[in-house]
Structures are given as C-alpha cells and as structure tokens.
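What the coordinates show
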Amino acid sequence: MEDTFYKCVRPILKLFIKLYKPTYIGIENIPKDKSFILAGNHTSYLDPLLVASTTNECVHFFAKDSLYKGIKKPIFKALGIIPVNRNIKDKNALNLGIKYLNENKVIGIFPEGTINRTNKKIMNFKYGAVKMSKKTGKLLVPFAVNNKYKFFKKSVSITIGTPYIVKNELEFENKKLMEIVENMIKKDDVNV
C-alpha cells in the first residue's frame, strides 16, 4: 500500500523540492537495487523531501509519533513513515525498521532525533541507525544537509557519503557515523 501511494505522490514532492534548487554531491554513492539506511543531520522539516529525492526507492522515515495523530495519520501511514515515541527507547519502531530492511526496503533516519536548532554543528546521535545496520547487515549511507532552504535560490545541498556496513561495537560505530556526517557539514553552516 505505502509503496503505491509513495510512487503516486513522489513526482509532486520531487517537483516541490526542486523549487529550492538543491545541489546533489556524491549521488553516485546511493546503492542501486539494494536495501539500505540513509542517516544524517536534521536541519529542517524539508529534509525528508530532500533525502528522499536522492533515490527512486520508497524511503521509510522514522518520525515523531505525534505526526500519526488526527488527519495526518492516514497520510503518514500511507507514506510508510515509522512512528517513534521519543519519550522512551522505542523498540517497536526499531523492530519495524529492521523488519522493513529485511524486506529489502529503504530506511531514512535522522540520528539527532529532532531538528538541530542549536548553534552546534551537529547534535549527539542516537544509536538506531547503527543498530539497524549491525542487526541486518545492510549498508549505512551517511548524508549531510548543508545551507538553508531558500525558495527559487540555489542554496541547500546534500552530500552523500560512502556506504558501509556496521561491524564493530555500537558506541564506536555511532561515533564513527557522527564524525563522518560532521565532516561533510560545511564549517560555516551552523544553525542559529
């Protein structure tokens, strides 16, 4: 169901994100015909559209469970969004992500857990992305969103890093992912 709805609305969403004239760097690093995890920094509500525009696959994003309420619920459910209760370590969300990966689907996750509204380059990452990669053996594809979204102006960009599989202890791997993403974020692109 969600793949069909996603394919129907994808052209509209892709057209919308083009209005921000994004630049794609390292797009060749997106795996072809494989299940993988896209993980990177979170700067805006528009990030999921930008990240999803890097692949033709249906990207199942982790998102706060409050989006699953009211009139938005059927839309987000049809888009394959995975609701996360951010007040707990939500094992149900993690298990659903693992299930999707084992079904050869694509996952999108922002390990910071929320939009970075601090003056830090990046916030500490939660462990979901590296846990899913380690448990499933699926590729982890780091990305970094740079600059602000400006309507009809070439400003925002996304850099796709080299895919890899998580093999080591989770704390080490989470720090590694965070450093990879941080190094792809431009030094002068800090949220205020």
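All values derive from a computational prediction rather than experimental measurement. (Residues numbered from 1 in each chain as written. Predicted model: local features only at pLDDT ≥ 70, side-chain atom pairs only at ≥ 80, totals over all residues. Heavy atoms only, no water.)

**As for the sheet that holds strand β5 (residues 106–109)**
The seven strands are arranged β1-β7-β6-β2-β5-β3-β4 in an open sheet whose pairing can be described as mixed. One side of each edge strand has no neighbouring strand; the edge strands of this open sheet are β1 (23–25) and β4 (82–84). Adjacent strand axes in the sheet meet at a mean angle of 25 degrees when their direction is disregarded. The strands touched by helix α4 (residues 91–102) within the sheet are β2 (36–40), β3 (59–64), β4 and β5, with β4 carrying the most contacts at an inclination of about 160 degrees. (Pairing = 2+ DSSP bridges. Helix = DSSP H or I, 4+ residues; strand = E, 2+ residues; numbered from the N terminus. Axes fitted to C-alpha atoms, helices over the stretch in contact; angles between N-to-C directions. Contact = heavy atoms within 4.5 Å.)

**Let's talk about the nonpolar core**
In terms of nonpolar packing, the biggest core is built from 28 residues, with Leu38, Phe143 and Tyr149 touching the most fellow members. Among the secondary structure elements, those contributing two or more residues to this core are α1 (2–18), β2, α2 (47–52), β3, β6 (139–146) and β7 (157–160). Excluding its chain neighbours within four sequence positions, the residues that come into contact with Leu38 are Ile30, Val51, Thr54, Val59, Val106, Ile107, Gly108, Ile109, Val141 and Phe143. Grouped together as the second largest cluster of nonpolar side chains are 26 residues, Ile98, Tyr100, Ile122 and Val166 included. (Core = buried A, V, L, I, M, F, W, Y, C linked by side-chain atoms within 4.5 Å. Buried < 20%, exposed > 50% of the residue type's maximum accessible area, 1.4 Å probe, protein only.)

**Some points on the packing of aromatic side chains**
Taken as a whole, this structure holds six aromatic pairs when the rule is applied. Aromatic side chains Tyr20 and Tyr149 sit 5.7 Å apart centroid to centroid with 90 degrees between the ring planes, which places their arrangement in the edge-to-face category. Within this pair, whereas Tyr20 is found in the loop between α1 and β1, its partner Tyr149 is found in the loop between β6 and β7, the two being separated by 129 residues in sequence. Per residue, the accessibility class of Tyr20 equals that of Tyr149, and both read buried. Where Phe110 meets Phe143, the ring centres are 5.9 Å apart and the plane angle is 90 degrees; that geometry is what we call edge-to-face. (Phe/Tyr/Trp six-rings, centres within 6.5 Å; stacked < 30°, edge-to-face > 60°.)

**Considerations on unusual backbone geometry**
We note that Lys21 has phi near 50 degrees; this positive angle belongs to a residue other than glycine. One can find Lys21 in the loop between α1 and β1. Assessed through its relative accessible area of 41%, Lys21 is described here as partly exposed. If you check the backbone angles, Asn104 has positive phi at about 65 degrees while not being a glycine. As for its placement among the helices and strands, Asn104 is situated in the loop between α4 and β5.

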